[in-house]
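Below, each chain spelled out in residue letters.
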Amino acid sequence: MTHHVAILAYDGLCTFEFGCAVELFALERPELGVDWYSHAVCAAEPGPLRALGGFTVHAPYCLAALAAADTVVIPGWRDVAAAPPPALVEALQAAYARGARLCTICSGAFVLAHAGLLDGRRATTHWRYLDQLRGAFPAVTIDPQALYVADGPIVTSAGSAAGLDMLLHLVRSDFGAEVANRVAQRLVIPTHRDGDQAQLVARPLPAEDGNAIARLMDAVRENIRLGHTVASMARQARMGTRTFQRRFKDATGLPPLAWLTRERVALARQLLETRQALDIDAIADLAGLGSQASLRRHFRQQGLLPPARYRRRAPT
């Protein structure tokens, strides 16, 4: 059956976050050859619903439509200090109770927190609001670094653009890596960023350094089977080793070898999902992880199923 997504609209609507959800789930994509999502834009409260930018939104559905949703997306919230309407809280609790997936972008995490649905779970939000979320809802385990956090049927994401990473994660979970990559290409955004990549880098890089790091990352991705080391990557970026390590982490939020491992695991996941004819040893080799044992170890360290089980459970 078609996966049905309810996208919430509310007074004081965060326009960018709302637009991201609509772009992902409301746009028809016949070129993908899959049973793409159906959607409903649902008013969280009586209108008119004013949106950031001075216009109003007419939502064709009300909260009752959440009863038919497989996924509910909360695109931000108007004020982290403002409690959501009781009717919205009740509708979200009912959706959760019957097994719907609940997803938030940026300050939308506060809505689920008010509903008690983040208690005992890992979650994140925009870095500006982390202290407010932690102080107001101490039962929530805050991940201050993550771009997005998936904890069971609840997925929370950081600032606005991180919402796109989270939404692509949903597409990847539902349809697999190949479909998610094609959607990312159409959006002209990176095909995959891990949820626990840092959301806030220490400081901006000079343009020439940023370009050097970006070129190095592209070159490593294109030759990921090679035996890259910190020293070899530093030479390729034309930097000293210590300078390279510092500037790479400033740019990406990760040390070079941690980033390299995540790129290799991401490629291995894609190959497991899309190349059924390849055995797991071949996938480990193509991803630069060397052996099936190494592949299993890195999957385990990233909280993934063992490769063979991952392949069986991957979307097709």
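Residues numbered from 1 in each chain as written. Predicted model: local features only at pLDDT ≥ 70, side-chain atom pairs only at ≥ 80, totals over all residues. Heavy atoms only, no water.

Caption draft 1: Structural view of the overall build of the protein. Secondary structure assignment for the protein yields 13 helices and ten strands. For 316 residues, the compact-globule formula gives about 20 Å, and the C-alpha radius of gyration of the protein, at 21 Å, lands near that figure. Reported as C-alpha extents along the three principal axes, the dimensions of the protein are approximately 60 × 45 × 35 Å. With 316 residues in all, the protein has 52% of them scored as buried. Across the protein, every contact between residues at least 6 apart in sequence was considered, and the portion connecting residues at least 24 apart equals 66%. In the structure as shown, the protein presents an accessible area of about 14,800 Å², 52% of it carried by carbon and sulfur atoms. Each charge sign in the protein was given a centre, from 34 positive and 29 negative side chains, and these centres are 8 Å apart. (Helix = DSSP H or I, 4+ residues; strand = E, 2+ residues; numbered from the N terminus. Rg over C-alpha atoms; globule rule 2.2 N^0.38 Å. Buried < 20%, exposed > 50% of the residue type's maximum accessible area, 1.4 Å probe, protein only. Contact = heavy atoms within 4.5 Å. Areas by Shrake-Rupley, 256 points an atom, 1.4 Å probe, with all protein chains shown as cover. Lys, Arg positive; Asp, Glu negative; His and termini not counted. Charge placed at Lys NZ, Arg CZ, Asp CG, Glu CD.)

Caption draft 2: Here's a closer look at the pattern of salt bridges. Within the structure shown, the criterion is met by eleven salt bridges. The partner of glutamate 31 in a salt bridge is arginine 186, and the shortest N-O contact between them spans 2.8 Å. Of this pair, glutamate 31 sits in the loop between helix H1 (15-25) and strand E2 (38-43) while arginine 186 is found in helix H6 (residues 177-187), placing the two residues 155 residues apart along the sequence. With its nearest N and O atoms 3.0 Å apart, the salt bridge here joins arginine 221 to glutamate 263. Separated by 42 residues along the polypeptide, arginine 221 in helix H7 (residues 207-222) and glutamate 263 in helix H10 (residues 256-274) bring together distant segments of the chain. Take arginine 221: its relative accessible area is 37%, and that puts it in the partly exposed class. In this structure, a network of salt bridges that share partners links the residues Asp218, Arg221 and Glu263. (Salt bridge = Lys/Arg side-chain N within 4 Å of Asp/Glu carboxyl O.)

Caption draft 3: Layout of the sheet that holds strand E5 (residues 71-75). Spatially, E2-E1-E5-E6-E10-E9 is the arrangement adopted by the six strands of the open sheet, whose pairing is mixed. If you trace the sheet from one side to the other, it starts and ends with E2 and strand E9 (148-151), each paired once. Across the sheet, the mean angle from the axis of one strand to that of its neighbour is 15°, orientation sign disregarded. Here three bridges tie strand E1 (residues 4-9) to E5, and the two strands are oriented parallel to one another. Bridge pairing in E5 places valine 5 opposite threonine 71. The sheet strands contacting H1 are E1, E2, E5 and strand E6 (101-105), and the helix crosses E1 at an angle near 160°. Lying over the sheet, helix H5 (residues 160-175) contacts E6, E9 and strand E10 (154-157), oriented at roughly 155° with respect to E6. (Pairing = 2+ DSSP bridges. Axes fitted to C-alpha atoms, helices over the stretch in contact; angles between N-to-C directions.)

Caption draft 4: Representation of the packing of aromatic side chains within the structure. Throughout the structure, instances matching the rule amount to ten aromatic pairs. Considering the side-chain rings of tyrosine 10 and tryptophan 77, the 4.9 Å spacing of their centres and the 50° angle between planes classify their relative orientation as tilted. Placement of tyrosine 10 in the loop between E1 and H1 and of tryptophan 77 in the loop between E5 and helix H2 (86-97) is noted, with a sequence separation of 67 residues between them. On the basis of relative accessible area, tyrosine 10 is assigned to the buried category, the value being 1%. A relative accessible area of 4% means that tryptophan 77 is categorised as buried. By the ring-pair criterion, three or more aromatic residues cluster together here, those being Phe25, Trp36, Tyr37 and Phe175. (Phe/Tyr/Trp six-rings, centres within 6.5 Å; stacked < 30°, edge-to-face > 60°.)

Caption draft 5: Structural view of unusual backbone geometry. That bond from glycine 47 to proline 48 is cis: its omega, 0°, falls within 30 degrees of zero. If you trace the backbone, proline 48 turns up in the loop between E2 and strand E3 (49-51). In this structure, cysteine 106 is a non-glycine residue whose phi angle is positive, near 55°. For arginine 238, which is not a glycine, the phi torsion comes out positive at approximately 60°. Structurally, arginine 238 can be placed in the loop between helix H8 (230-237) and helix H9 (241-252).

By themselves, these observations are geometric and do not establish any function.
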